[in-house]
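As a plain string of letters, each chain reads:
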Amino acid sequence: MILACGEALIDMLPRESTAGEPAFAPYAGGAVFNTAIALGRLGVPTGFLSGVSTDLFGQQLLASLEASKVGTGHLIRSDRPTTLAFVTLTNGHAKYAFYDENTAGRMLRPDDLPDTSVSAYFFGGISLVVEPCGQAYEALARRVAGTAPVMVDPNIRPGFIKDEAAYRERLNVMFACADIIKVSDEDLEWITGSTDGEAFRDSCAASVVLVTRGADGVTVICDHGTFDVPATRVEVVDTVGAGDTFNAGFLAGLHQAGALTLDGLDDADEATLRAAVELGAKAAAVTVSRAGANPPWASEL
């Protein structure tokens, strides 16, 4: 089982009422949640670890996980509210306003973490930014590093970061624990001041670094060298959940190839990694071709 560890929230997506007024519609989301949903739909054994509310929106999140075949046995339920993210779209690109104080997801603490023993872990998103949940996910990453593959996608939202120095320190810890790191070119520039993926990989211990560049595809940096994989061309409706779906497709590709182990990652050749990236790109193309974070099922690929 791959255990996706991080935020679940409700994306309030812009819509128009029947009277023509601006409105928002609630959709289950969150970067790590979206990756879990996509993994489940691709047929990969997947679980989700997060703080999830018992409120109306928490029930919506739970139903979405179950409908996508994602295990819910690692959820920590509470009566705190659900995090909300109001989304605005400009030329299909999403910007977010988060409402996250004292929520079920944010208030997850290290002491709340269950014992875990799974085949791989995925971390990322805004859950690494805020406390105390950031401490909880960092503690889990430290605990499991070296026992199973760890993938990290920070999915950086600069407007959500209040203490930049503390966040950068956490990212350094998470990257040190990671075997796979996925960053967008914008993430990479924020982290390092440049978009040089090779220099970034030299600064961390990851076996594989993936740099996504939107319509320009993905750059893969690994022990076998650096190579590019083109994006799958589609008409874009919006980019909500695109990177999250790519993460799931890449992990699914490694899982299908039998390479999602510590030894498997060390031994993975260019052909194996390229095929996994291509699956991620193909899955992400479906997501961007329709509104919201709505990852494809395996049958759609």
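Let me begin by describing the structure that accompanies this report. What you see is a predicted model; the values in this text were computed from it and never measured. (Residues numbered from 1 in each chain as written. Predicted model: local features only at pLDDT ≥ 70, side-chain atom pairs only at ≥ 80, totals over all residues. Heavy atoms only, no water.)

## Regarding the overall build of the chain
Scanning the chain for helices and strands turns up nine helices and 14 strands. Computed over its C-alpha atoms, the radius of gyration of the chain comes to 18 Å, within 12% of the 19 Å expected for a compact globule of 301 residues. When the backbone C-alpha atoms are referred to their principal axes, the chain occupies close to 55 × 45 × 40 Å. Taking all 301 residues of the chain together, the buried fraction comes to 54%. A separation threshold of at least 6 residues defines the contact pool for the chain, and within that pool the share at least 24 residues apart is 69%. Summed over its atoms, the accessible surface of the chain is roughly 12600 Å², and 48% of this surface lies on carbon and sulfur atoms. When the 21 positive and 39 negative side-chain charges of the chain are each reduced to one mean point, those points stand 4 Å apart. (Helix = DSSP H or I, 4+ residues; strand = E, 2+ residues; numbered from the N terminus. Rg over C-alpha atoms; globule rule 2.2 N^0.38 Å. Buried < 20%, exposed > 50% of the residue type's maximum accessible area, 1.4 Å probe, protein only. Contact = heavy atoms within 4.5 Å. Areas by Shrake-Rupley, 256 points an atom, 1.4 Å probe, with all protein chains shown as cover. Lys, Arg positive; Asp, Glu negative; His and termini not counted. Charge placed at Lys NZ, Arg CZ, Asp CG, Glu CD.)

## Examining the pattern of salt bridges
Counting across every chain of the model gives ten salt bridges. With a closest N to O distance of 2.6 Å, R201 and D223 form a salt bridge. Residue R201 is found in helix 6 (residues 197-202), and its partner D223 is found in the loop between strand 13 (218-222) and strand 14 (225-229); the two are separated by 22 residues along the sequence. What you see here is one network of salt bridges that share partners, running through E131, E138, R142 and R170. (Salt bridge = Lys/Arg side-chain N within 4 Å of Asp/Glu carboxyl O.)

## Topic: the packing of helix 1 (residues 31-41) against helix 7 (residues 242-256)
Direction vectors running N to C along helix 1 and helix 7 enclose 45°, while the axes themselves pass 8 Å from each other. Considering the angle they form, helix 1 stands oblique to helix 7. Crossing geometry of helix 1 relative to helix 7 is assigned as right-handed. Two secondary-structure elements touch here, helix 1 through A31, N34, T35, A38 and L39 and helix 7 through D244, T245, N247, A248, L251 and A252. Here the residues of the contact of helix 1 with helix 7 are counted per class, giving six nonpolar, four polar and one charged. (Axes fitted to C-alpha atoms, helices over the stretch in contact; angles between N-to-C directions. Parallel < 35°, antiparallel > 145°, perpendicular 65-115°, else oblique. Left-handed = near helix turned anticlockwise from the far one by under 90°. Nonpolar A, V, L, I, M, F, W, Y, C, P; charged D, E, K, R; others polar.)

## Details of unusual backbone geometry
If a residue is not glycine, its phi is most likely negative; likewise, a peptide bond is most likely trans. Put simply, E131 and P132 share a cis peptide bond, and its omega is 5°. Structurally, P132 is set in the loop between strand 9 (120-124) and helix 3 (133-144). Backbone geometry at K69 places phi at a positive 65°, although glycine is not the residue there. Topologically, K69 is positioned in the loop between helix 2 (56-67) and strand 6 (76-78). For N155, which is not glycine, the phi dihedral falls at a positive 45°. Note that N155 resides in the loop between strand 10 (150-153) and helix 4 (164-177). Accessibility expressed as a relative area gives 15% for N155, which makes it buried.

## Some remarks on the sheet that holds strand 9
In spatial order, the strands read 4-1-9-10-11-12-13-14; together these eight strands make up an open sheet with mixed pairing. In this open sheet, the two strands that pair with only one neighbour each are strand 4 (46-49) and strand 14. Strand-to-strand twist across the sheet, computed as the mean angle between neighbouring axes with direction ignored, equals 15°. By the bridge criterion, four bridges tie strand 1 (residues 2-5) to strand 4 in an arrangement that is parallel. Across the sheet, I2 pairs through a bridge with T46, a residue of strand 4. Sheet contacts for helix 1: strand 1, strand 4 and strand 9; angle to strand 4, the most-contacted strand, approximately 165°. Relative to the sheet, helix 3 contacts strand 1, strand 4, strand 9 and strand 10, its axis offset from that of strand 9 by approximately 150°. (Pairing = 2+ DSSP bridges.)

Read these as spatial facts, not as claims about activity.
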